[in-house]
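# Structural characterization, general
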Amino acid sequence: CLQFFSSLVNKHKPWIETSYHGIITENNDTVILDPPLVALDKDAPVPFAGEICAFKIHGQEMPFEAVVLNKTSGEGRLRAKSPIDCELQKEYTFIIQAYDCGSGPSGVNWKKSHKAVVHIQVKDVNEFSPAFKESMYKATVTEGKIYDSILQVEAIDEDCSPQYSQICNYEIVTTDVPFAIDRNGNIRNTEKLNYDKQHQYEIMVTAFDCGQKHAREDVLVQVNVKPVCKPGWQDWNKRVEYKPGSGSIPLFPNIHLETCDGPVSSIHTTIELQTNYIGKGCDRETYSEKSLQKLCGASSGAIDLLPSPSATTNWTAGLLMDNNDMIFKFDGKQGAKIPDGIVPKNLTDQFTISLWMKHGPSPGLRAEKETILCNSDKTEMNRHHYALYVHNCRLVFLLRKDFDQADTFRPAEFHWKLDQICDKEWHYYVVNVEFPVVTLYMDGTTYEPYLVTNDWPIHPSHIAMQLTVGACWQGNVGSNSQEPIQLTLAGKPRFAQYFHGSLASLTIRPGKIESQKVISCLQACKEGLDINSLESLGQGVKYHFNPSQSVLVMEGDDIENINRALRKVSYINSRQFPTAGVRRLKVASKVQCFGEDVCINIPDIDAYVMVLQANEPKITISGMDHFSRPAAQFESERGVILLPDIRIVSTVTKMEHSKKNDGDPQIHLVLEEMLHNLDFCDVLVSGAELDPEQECLELDHTELQGKHLDATNSTAGYSIYGVDTMHNYEQVLQQIRYRNWYTSATSERKFRIKCSELNGHYTSNEFNLEVNILHSTNSNYMEHVNHVVVQPHFLQSVHHPEESISAVHSSVVPSVATVVIVICVSVLIFIIAVGVYRIRTAQQHSSTDSESSKENEMDWDDSALTITVNPMEKYEKPHRAEEESEEEDDEEEDTTSAESDESEEEEDEEDEEEATVQKRGKQNLTRQEQLEWDDSTLPY
């Protein structure tokens, strides 16, 4: 009956729509359904039967649930049980049914609706950024072309919807690059690329999805520019740095020739080191001409006609001069007159003229003679006895012999026509005269004159001759001279035929000619090209150097052999202090091909060597700077050695890089000793010059043998010159002696010593030496005082055994009177001690008396006492010392007598002990004063 009644109450099933469409946003739980979720029941408003109690979802593990919001109205809600991820599943489809509440509270006899289909789409959120498929993109292009697409970059987005998962745009982040990118990621160049301008481009690219979210990381795109195959040398550096002292360094260690597969049969390459703007054509030694000739073993007797201006060589003082390289510049307005006596008046049949010259084409329309060296009449006439001049870019040497033999024509003018005379470059010229043969050496190469003209000898006359440089002296302007001149003031001597150019190291050597070996040495460059490992070049490569090693020519059939040979070409500079600056390099190549008229063209290489500045040395002279000697030593035959312990040291300051404990870099300045040559040292007199009638500086010239040194002596001092080691200079300087055979007029002499390297470019400190001459009979004491008091720090380096011994004996041996006084005092003290001893033993116990006796004996035991007289006191106040000694002895005798009387009268014990203490104190004080002047153990 109950079931029947229930069926009568719940007669209808719930009703819902047949299908639903819903949308849920990912990471949200609310589902929006269309139509809304509502269930109806016709049994309403019957309780339970007309109410909706549940919605049920049918499907495997669906992440949704449906809940009833109102049982009476049947409203429901669909929601997610857990976060929904669109990237995992974009949509869901399942079945849903509605259930009523049955016929009673227990829910029996419930009825369910038909099945409805629910389709839910997940709405995407733009939570992911685009990411590129590759970590880096690379492409290679050929220069000179415009590409539609060089490469394509591609990014992806993990969002599920097309709006957020699609890439809508790409963008180049790097600015100022000749590239563009389209929406599909295609990169193209906007202009033609040039390999020489830039070998490689690196650009950064980003991507945007359609939600305008950009990539989380930009991607690197590397575009390499490949050159169009151009024949030429590759992999070489335009700048090559050279550090002084590096020896030989390769110029092109990685060079190779690109021929673009051309049919090359042979190659001819010329490497040129251009140094014509450095010094006199290249980096040469900048020592004085005398020092260089000594170094190269040239014959002695060369006379420098263009020396550095000084008190003795003042004829070059008015000339324009480059002090660094001893170069004299002549502008066509200057000339120098060589004083008489510098060069012999009549040269022999053998002599040599050498010079450096830099000369260009003659200025003006009319080419005049330009005199380098000229010996002409000083007055009255204008005869040229010998001359060296330039005329129309020809070098001419004139030699007019005197009329001493037959009156015949003789060779008089020798002409050389050389392009180098007017090329505005430095060249070294040597004219060797072995009359009647005259030979010219230019840069070490021999040239014979192309024209020799004869002339009559010059008749002898009383007219003096004038030797000039840079112009020729006209002794009588307006006379009927032998040389064409321009007339100015008639009869007034003047300069004419001025030289335009630069001259250096102009010397004349009478009586001797130079060998080609010496000439080559004098003009040799200290820098040039070199080849490392000549034996490794192989037989397939031929090479040739010019004499100065500034040009190297290489030729071969195999390109690889030429490549290897060129990698071995190096630059070398043997100077310890080279001239800093640029040396230009040029490599020119010619290629021949098999059977083709037109072959590839190889561009020249233009590079340069940068020679860095050498560390500047600091030359220091040290030694004993003051001493005194007895006059007898200065008057002796050997005199006194001035610089027995002189020391010459050169140091440079270098920077060393290191790291601190925390890794930061730090720089240390390190002082390092270095060895190099010197080219002169002067020992000059300070104050008045030496009087040759009574004093001089001497040096045995045997000390110069085996060394590249020479010396000159004058009243101003001694000069040692020549390129040699500092050790050899020390040895020679240590042998210079000073003599003075009339010492009564001189009490002291002062000298200063200075040394140089590179003709004064680096100079030492000025070392000053003071020498005292001792005249008195007590000179030994004076020397003792001088050494001990004035200059004690030099005593260890100078030893004078005889003087030291005499000084010691003079200070230790006392006078006879002092010895007698000491003996008397000792005897008297002994007698007093015995008397005191007897008195004390009579009044005290034996044990106490014994101890007191021992103490007195020990206190007064002066048998081994040594008394030393102060030599200073004796020297300065001899009589006063004797008087004070006698007064002290008298006082001691009086005191002793009184004490003896007191002992005999047997006064009390306290008075005796007090007297004894006073005597001890006085005696100890006297001993202390004497010991303070005991200088017998001082080192001398």
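Residues numbered from 1 in each chain as written. Predicted model: local features only at pLDDT ≥ 70, side-chain atom pairs only at ≥ 80, totals over all residues. Heavy atoms only, no water.

This part is about the confidence of the model for the protein chain. On average, residues of the protein chain score 79 in pLDDT, and 79% of them are at 70 or above. Confidence drops under a pLDDT of 50 for residues 479–490, and excluding neighbours within four residues, the segment shows 25 contacts in the predicted structure. Within the model, pLDDT remains below 50 along residues 778–816, and this stretch shows 56 contacts once partners closer than five positions in the same chain are excluded. (pLDDT = per-residue confidence, 0-100. Contact = heavy atoms within 4.5 Å.)

Taken as a whole and assessed by the stated rule, the structure comprises nine disulfides. Residue pairing for Cys 282: its cysteine sulfur links by disulfide to Cys 525, the two sulfurs lying 1.9 Å apart. Taking the torsion about the S-S bond as the criterion, the Cys 282 to Cys 525 disulfide, at about -105°, is left-handed. Placement of the pair is Cys 282 in the loop between β21 (264–274) and α3 (289–295) and Cys 525 in the loop between α4 (516–523) and β39 (527–531), with a sequence separation of 243 residues. We classify Cys 282 as buried; its relative accessible area is 2%. Across the disulfide, Cys 296 is cross-linked to Cys 521 (sulfur-sulfur distance 2.0 Å). Where Cys 296 bonds to Cys 521 through sulfur, the torsion about that S-S bond is close to -70°, and the disulfide is left-handed. On the criterion of sequence distance, the pair formed by Cys 296 in the loop between α3 and β22 (303–304) and Cys 521 in helix α4 is long-range, its members being 225 residues apart. Looking at Cys 296, the relative accessible area reads 15%, which means it is buried. (Disulfide = S-S within 2.5 Å. Helix = DSSP H or I, 4+ residues; strand = E, 2+ residues; numbered from the N terminus. Buried < 20%, exposed > 50% of the residue type's maximum accessible area, 1.4 Å probe, protein only.)

Another point: the environment of Lys 192. In this structure, Lys 192 sits in the loop between β14 (186–189) and β15 (200–209). Sequence separation of Lys 192 and Glu 143 is 49 residues, and the distance between their C-alpha atoms is 6.6 Å. When sequence neighbours within four positions are dropped, the list of residues in contact with Lys 192 reads Gly 144, Lys 145 and Ile 146.

This part takes up the pattern of salt bridges. Side-chain pairs of opposite charge can arise whenever the charged atoms involved come near each other. Under the criterion given, the structure shown has 20 salt bridges. A salt bridge links Arg 575 to Asp 283, with the nearest nitrogen and oxygen atoms 2.7 Å apart. Remark: Asp 283 occurs in the loop between β21 and α3 and Arg 575 occurs in the loop between β42 (569–573) and β43 (581–593); sequence separation between them is 292 residues. With respect to class, Arg 575 is no different from Asp 283; both count as buried. The salt bridge involving Glu 695 is made with Arg 749; its shortest N-O contact spans 2.5 Å. Here Glu 695 is found in strand β51 (residues 695–698), whereas its partner Arg 749 is found in strand β55 (residues 748–757), with 54 residues between them in sequence. By the burial criterion, Glu 695 is buried, and Arg 749 matches it. (Salt bridge = Lys/Arg side-chain N within 4 Å of Asp/Glu carboxyl O.)

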